[in-house]
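A structural walkthrough
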Amino acid sequence: LDPKKNIVYKGVDIIKKSTPVFIRKKLDYLMNFIITSNKNIEFSFLIDKVKTIKEENLLEKIENIIIPMKIENYDKYVLNDRDDIEIKKNTPIWIKGSAVYNYLLNQSNGYKNKYNLIKSGDRVKYYLTKDKEINVFSFLNGSFPIEINPPEYDYEQMFLKNFLNPLNQILQLIYKTRVPENLIT
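Presented here is an overview of the structure given in this document. (Residues numbered from 1 in each chain as written. Predicted model: local features only at pLDDT ≥ 70, side-chain atom pairs only at ≥ 80, totals over all residues. Heavy atoms only, no water.)

Time to look at the pattern of salt bridges. Taken as a whole and judged by the stated rule, the model has five salt bridges. Glutamate 156 is paired through a salt bridge with lysine 54; the nearest N and O atoms lie 2.8 Å apart. Of this pair, glutamate 156 sits in helix H6 (residues 155-175) while lysine 54 is found in helix H2 (residues 43-59), placing the two residues 102 residues apart along the sequence. Exposure remark for glutamate 156: the relative accessible area of 30% places this residue in the partly exposed category. Lysine 119 is the salt-bridge partner of aspartate 122, the closest N and O atoms lying 3.3 Å from each other. Residue aspartate 122 is classed as buried on the basis of its relative accessible area, which comes to 14%. (Salt bridge = Lys/Arg side-chain N within 4 Å of Asp/Glu carboxyl O. Helix = DSSP H or I, 4+ residues; strand = E, 2+ residues; numbered from the N terminus. Buried < 20%, exposed > 50% of the residue type's maximum accessible area, 1.4 Å probe, protein only.)

The next subject is the packing of helix H1 (residues 21-36) against H2. Running from N to C, H1 and H2 cross one another at 165°; their axes reach a closest spacing of 11 Å. By the angle between their directions, the pair H1 and H2 is classed as roughly antiparallel. Handedness of the H1/H2 crossing: right-handed. Residues Phe22, Ile23, Lys26, Tyr29, Leu30 and Phe33 of H1 pack against Phe45, Leu46, Lys49, Val50, Ile53, Glu56 and Asn57 of H2. Taken together, the residues that form the contact of H1 with H2 break down as nine nonpolar, one polar and three charged. (Axes fitted to C-alpha atoms, helices over the stretch in contact; angles between N-to-C directions. Parallel < 35°, antiparallel > 145°, perpendicular 65-115°, else oblique. Left-handed = near helix turned anticlockwise from the far one by under 90°. Contact = heavy atoms within 4.5 Å. Nonpolar A, V, L, I, M, F, W, Y, C, P; charged D, E, K, R; others polar.)

Side-chain positions along a regular strand alternate between the two faces of the sheet. Side chains Ile67 and Met69 of strand S1 (residues 67-70) all project onto a buried face; the interleaved residues Pro68 and Lys70 project onto a face where none is buried. Across four bridges, the pairing between S1 and strand S4 (residues 123-128) is antiparallel. Bridge pairing in S4 places lysine 70 opposite arginine 123. (Pairing = 2+ DSSP bridges.)

Another aspect to go through is helix H5 (residues 93-107). Its 15 residues give H5 an end-to-end C-alpha distance of 21 Å, which sits within 8% of 21 Å, the value for a rise of 1.5 Å per residue. Looking at H5, one finds that the buried residues are Ile95, Gly97, Ser98, Ala99, Val100, Tyr101, Asn102, Leu104, Leu105 and Asn106. Contacts made by the buried residues of H5 are with helix H4 (74-77), strand S2 (78-80), strand S3 (86-87), S4 and strand S5 (136-140). (Expected span 1.5 Å × (residues − 1).)

What follows deals with the pairing of S5. Of all the five residues making up S5, five are buried; the element is thus mostly covered by neighbouring parts of the structure. Alternating positions in S5 separate into two faces, Val136, Ser138 and Leu140 on one and Phe137 and Phe139 on the other, with burial throughout. Of the pairings in the sheet, the one linking S4 to S5 comprises five bridges and is antiparallel in character. Looking at S5, one finds that tyrosine 126 is bridged to serine 138.

Written as structure tokens, this is what we have:
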């Protein structure tokens, strides 16, 4: 029997559509590695694998490593995206990022002809930023709006959110341990 052929994932980030494709592939790779090692995995070897994946993550196109989501009820959550950014409390993070995108697009000169505003029903990708005031940014699939000066992508936080946290959930179940953040920085 080939153990890899019989693996069925249920309820984990490896199969979620909201997990970026690059991250899904790397989580799947590590899960196969962990499962086929029969619990005889050297922790330092696993740390090295995670560091390598983190380095690969830095080289990936931003579109391949950020979170895809569908926008629903945009007008319910966003009160203003023309003159300022005003959103209701408990607004989903990807809708907050969409309000930032629409605001920046509304403030730009001439790019509203090149890029569409985000609205309910659209599919977007979002990421956490390094900006203290604007902590999230979204954009429409396939059209990263570099001309409107989007906030800088936070590779560290996104790697933790997308890859290390889900991996640690799995490691906690199997080995009763986690990969500490400080070991991969």
